[in-house]
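Inside the fold
Below are the chains, spelled out letter by letter.
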Amino acid sequence: MGELRLTITGPTGEGLTAEVELTSEANQFEQSFRTGGEGQHTAEHLPFGLYRLSVSRQGFVTFSKLIEIRSEIPLECHVVLRIAPVETRVEVTDSATLLSPNSTGTIGMIGSKELTERPASLPGRAIIDLIAAQPGWLLEANGVLHPRGAEYGTQYVLDGVPILNNRSPAFAPGLDPEEFQTVRVLTADYPAEFGNRLGGVIELTTASGYPSGFHGKALVEGGSFSTEQGYWMGQYTRGRTAASLSLEGTHTKRYLDPPVEQNFTNKASGGGFTATFERELSPSGRLNAYVEHKRIGFLVPNELVQEQAGQRQDRDNDETLGLISYQHVFSPHVMAVVNGMGQHLTDRLWSNPFSIPMLASQNSSFGEGYASASLSANFGDHELKTGAELTSTSLRESFAYQITQPDEFDPDTPLNFAFAGSHRGWEPSLYAQDLYRHGRWTLSAGLRWDDYRLLVRQNAFSPRFGTAWYWPSAGMVFHASYDRVFEIPATENLLLASSSTAQHLTGSTTGLPVPPASGNFYQAGFSKSLFQHLRLDANYFRRSVRNFADDDVFLNTGVSFPIAFSRAAIYGFEATLQAPRWGRFSGYLNYSNLVGTGFLPITGGLFLDPDSATLLHSTESFPVSQDQRNTFNGRIRFQASRRFWLALAAHYGSGLPIEGDFDTSELQQQFSPRILDRVDLAHGRVKPWYALDASLGVDVWKHEDKSVSFQADISNLTGALNVINFGSLFSGTALYPPRAVSVRLETRF
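As the structure is a computational prediction, the values presented were derived from the model and not from experiment. (Residues numbered from 1 in each chain as written. Predicted model: local features only at pLDDT ≥ 70, side-chain atom pairs only at ≥ 80, totals over all residues. Heavy atoms only, no water.)

**Brief notes about the overall build of the protein**
Of regular secondary structure, the protein possesses eight helices and 41 strands. Since a compact globule built from 749 residues should have a radius of gyration of about 27 Å, the 26 Å found for the protein is in line with a globular shape. Structurally, the protein occupies a C-alpha span of about 90 × 50 × 45 Å along its principal axes. Expressed as a percentage of its 749 residues, the buried residues of the protein come to 56%. Accessible area for the protein stands at about 29600 Å²; split by element, carbon and sulfur atoms hold 58% of it. Taking the average place of the 60 positive charges on the side chains of the protein and the average place of its 78 negative ones, the gap between the two points comes to 7 Å. (Helix = DSSP H or I, 4+ residues; strand = E, 2+ residues; numbered from the N terminus. Rg over C-alpha atoms; globule rule 2.2 N^0.38 Å. Buried < 20%, exposed > 50% of the residue type's maximum accessible area, 1.4 Å probe, protein only. Areas by Shrake-Rupley, 256 points an atom, 1.4 Å probe, with all protein chains shown as cover. Lys, Arg positive; Asp, Glu negative; His and termini not counted. Charge placed at Lys NZ, Arg CZ, Asp CG, Glu CD.)

**Describing the sheet that holds strand 5 (residues 49–56)**
Taken in spatial order, the four strands of this open sheet run 3-2-5-6, and their pairing is antiparallel. One side of each edge strand has no neighbouring strand; the edge strands of this open sheet are strand 3 (29–34) and strand 6 (63–69). The mean inter-strand angle of the sheet, taken between neighbouring strand axes irrespective of direction, is 20°. Bridging between strand 5 and strand 6 involves seven bridges; their strand directions are antiparallel. (Pairing = 2+ DSSP bridges. Axes fitted to C-alpha atoms, helices over the stretch in contact; angles between N-to-C directions.)

**Observations concerning the pattern of salt bridges**
A complete count under the given rule lists 38 salt bridges for this structure. In this structure, R581 engages E30 in a salt bridge whose closest nitrogen and oxygen atoms are separated by 3.2 Å. Of this pair, R581 sits in strand 30 (residues 560–582) while E30 is found in strand 3, placing the two residues 551 residues apart along the sequence. Assessed through its relative accessible area of 31%, R581 is described here as partly exposed. One salt bridge connects R286 with E278, and the closest N-O pair in it is separated by 3.7 Å. (Salt bridge = Lys/Arg side-chain N within 4 Å of Asp/Glu carboxyl O.)

**A word on the pairing of strand 20 (residues 313–331)**
Strand direction decides the pairing type here: strand 19 (residues 285–299) and strand 20, joined by 15 bridges, are antiparallel. Residue F298 lies in a different strand from strand 20, and its bridge partner there is R315. The antiparallel hairpin formed by strand 20 and strand 21 (residues 334–351) contains two residues in its connecting segment.

**A few points about the packing of aromatic side chains**
Within this structure, the stated rule accounts for 18 aromatic pairs. Put simply, the rings of W441, W469, W471, F478 and F526 touch in pairs and so form one group of aromatic residues. Sitting above the plane of the F541 ring, R148 keeps its charged end 4.1 Å from the centroid. The lysine or arginine in question, R315, covers the ring of F171, its NZ or CZ lying 5.8 Å from the ring centre. (Phe/Tyr/Trp six-rings, centres within 6.5 Å; stacked < 30°, edge-to-face > 60°. Lys NZ or Arg CZ within 6 Å of the ring centre and 35° of its normal.)

**Details of the pairing of strand 34 (residues 644–653)**
Of the two faces of strand 34, only the one carrying W645, A647, A649, H651 and G653 is buried; F644, L646, L648, A650 and Y652 on the other face are not. Summarising the sheet, strand 33 (residues 630–641) and strand 34 pair through ten bridges and their orientation is antiparallel. For R637, the partnering residue across the bridge sits in strand 34 and is A647. Count of turn residues in the strand 33/strand 34 antiparallel hairpin: two residues. Pairing of strand 34 with strand 37 (residues 689–703), which is carried by ten bridges, proceeds in the antiparallel orientation. Following the sheet pairing, A650 is matched in strand 37 by L692.

**Focus: the environment of E179**
Along the polypeptide, E179 turns up in the loop between strand 12 (161–163) and strand 13 (180–186). Each C-alpha atom, one on E179 and one on G200, is 21 Å from the other, the two residues being 21 residues apart in sequence. Of the polar contacts made by the side chain of E179, one reaches the side chain of T274; its length is 2.9 Å. (Polar contact = N/O pair within 3.5 Å; in protein donor to acceptor, adjacent residues only side chain to side chain.)

**Looking at unusual backbone geometry**
Cis geometry is adopted by the peptide bond preceding P357, which originates at I356 and carries an omega value of -5°. Note on placement: P357 falls in the loop between strand 21 and strand 22 (358–379). Cis rather than trans, the peptide bond between L600 and P601 has omega equal to 10°. Here the phi dihedral of Q28 falls at roughly 50°; this positive angle occurs in a residue that is not glycine. By the element assignment, Q28 lies in the loop between strand 2 (19–24) and strand 3. Located in the positive-phi region is S226, a residue other than glycine, with phi close to 50°. Its location among the elements puts S226 in the loop between strand 15 (213–223) and strand 16 (227–238).

**A look at the sheet that holds strand 8 (residues 108–110)**
Pairing is mixed across the open sheet formed by five strands, whose spatial order is 8-13-14-11-12. Every other strand in the sheet has two partners, leaving strand 8 and strand 12 as the edge strands with one partner each. Taking each pair of neighbouring strands and ignoring which way they run, the sheet shows an average axis angle of 20°. With six bridges joining them, strand 13 and strand 14 (residues 200–206) adopt antiparallel strand pairing.

**Describing the side chain of E746**
Secondary-structure assignment places E746 in strand 41 (residues 740–748). Only 2.9 Å separates the side chain of E746 from the side chain of R748, close enough to count as a polar contact. Beyond its immediate sequence surroundings of up to four residues, E746 is in contact with T116, E178, K217, A218, L219, S707, V708 and S709. (Contact = heavy atoms within 4.5 Å.)

**With respect to a nonpolar patch on the surface**
Side chains of F531, W582, F585, I636, L648, I714, L717 and V741 sit close together on the surface and give an oily, nonpolar patch of about 740 Å² of accessible area. On the secondary structure map, F531 appears in the loop between strand 28 (517–530) and strand 29 (534–553). (Patch = residues over 30% accessible without salt bridge, like charges linked within 9 Å, V, L, I, M, F, W, Y side chains within 5 Å.)

**Things to note about the environment of I658**
If you trace the backbone, I658 turns up in the loop between strand 34 and helix 7 (664–670). Separated by 341 residues in the primary sequence, I658 and N317 place their C-alpha atoms 29 Å from one another. If sequence neighbours within four positions are ignored, I658 has contacts with V679, L681, G684, R685, V686 and F726.

**Quick look at the nonpolar core**
One finds F399, Y401, L496, F554 and F561 to be the most contacted residues of the largest nonpolar core, which totals 30 residues. Among the elements of the structure, strand 21, strand 22, strand 23 (382–403), strand 24 (416–438), helix 4 (494–498) and strand 30 are those that each provide at least two residues to this core. Listed in part, the 25 residues of the second largest apolar core include A132, I163, F180 and I202. (Core = buried A, V, L, I, M, F, W, Y, C linked by side-chain atoms within 4.5 Å.)

This is the structure we're talking about:
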């Protein structure tokens, strides 16, 4: 992320208060602010790319120009406003920012407007649902994101610091979209500074740039499934110091994706707080801090037979995270950043005595410490960056079960099992990268080294290359990239899945710890502007991965155990047609085609299913669980008047594959005919699904930087019954939500 340091003066050099607009169509970014009395303002956390800068003040000529944020090093910009009669107005249109001519790959952007006007989501899924609408991403059960076929390959980056644990609702409290200014999404062309999880990268940038004094916002939301959510944030800025505090709370009767339409035992409630602090120590030094604590407690949804037996399974997740960052600008060409992060997450499961086919319990924790230092420099046409990272991981796991229905398992499966273990690991990393621009060409190159030291020790060098060529007269950018990746295993239940105790529990085990994955990612595509208002992005990609990461879900508890297939081959095509703004209309249409093939055998996991033995020791191939051949997501928004807008969204998926031999009579006892009708058992796939969503928004009141707005959403407008996954060895049955209504009231002050 970059930074703009703006100074506005009059003809005689005096600082001026002025209204400023900063817009980038390619980055879905639009920000308005007023400079201080000395004419100065710093716009932080800006995604790289072209921006239209517009400065206006009564009695002066409006100033417009294109600027480019191309480095983490702050860009100094001095604007001199001229008295109105002296010069004519110079206008630069937003269409000039549609393309990023120096981008060696396609980057998905979710701006502040999209975050504010986001459609209603189940608690903990607002960010996840926005990402799932991006090309190349899809959701499996319980809000688990899958980028380009990857199961455990999603990495979140919070203000430049990687967050590596699973962020889906079953594993961690949700990320609140109100805290963020932009979300940047990558599925290829990774800079060398990114490692560990590279199926897809989600960069989250916290909000900044509030004016002096006390400001904030409050939000209340409610709707179907007795869902209630609330959020309050206040920020105080004085001089060079800014601090904020936010509080949030949620309650719902539909948290996870249930296996049956009745939505048995699916309640959840939670809340937490976030605090930030920023201090400009000097014109060249800045300190930032971020602290959060959140908790979510929920019930595991029952199947029909479990509900009839009186089963109740409780889970909760508790997370504390702290981040501190210091940046120092040595000169207009050199800057250093030092980051530190600490995180602690606990995950518990407990069951009542009526649980079937087993009574399971879990009490696990994940701790992580992270430190990094980087040096950025720009010299001529080169943008250089080098850095070092050190990650410390601490795992503690406790898991037990007691079988209550022995007939459901192989005779050699122990009726009781308990495991407890702990382990610490380290991972040092080094990287260096360069972005070189020459004429119409842009070249990126990087090299990363990782040394993984947890249950196994492996190290790897990962070269990265990218290139782009800009064709101005055609409004096109061609690009291609290669990424060598080294991905560490998922930490959730890693000790148990890799333990000799679990691996010799039955004959259906692998006897090996889960190894890191390595692979080669290729992408080629183009971006083109159309009619000065549209942008078309198209990409072909191919991935080959050794030790391909996945998981097996433990019955329907939501607890999963990491596994690795021998290898996988994934390829596909993606296209996006986007209209950031065309008159009163805006919107997008995304299409993804993916074909993924996995190859047995499997390493890791905890398998008690009697059908698992043949898969665990086979060398056959099969469609990976994210192999959905065709996916569409689209949305169109219409600004009906200055204060009123309407939007309609559509979603389609051709259906995920299923694994296993199913007994029709047993299925009829567990699932309704409506659910079974949505599964094609003969062809081994869930049948295609679709959903339509509608939204409307009203700016009820607005005065300067104060406002009140209202939004109403209807999801799954037709009430279609859609199946996400159908029960198999690697995933349980899960249903999309039925028709739901939600309303949101937000005030800014």
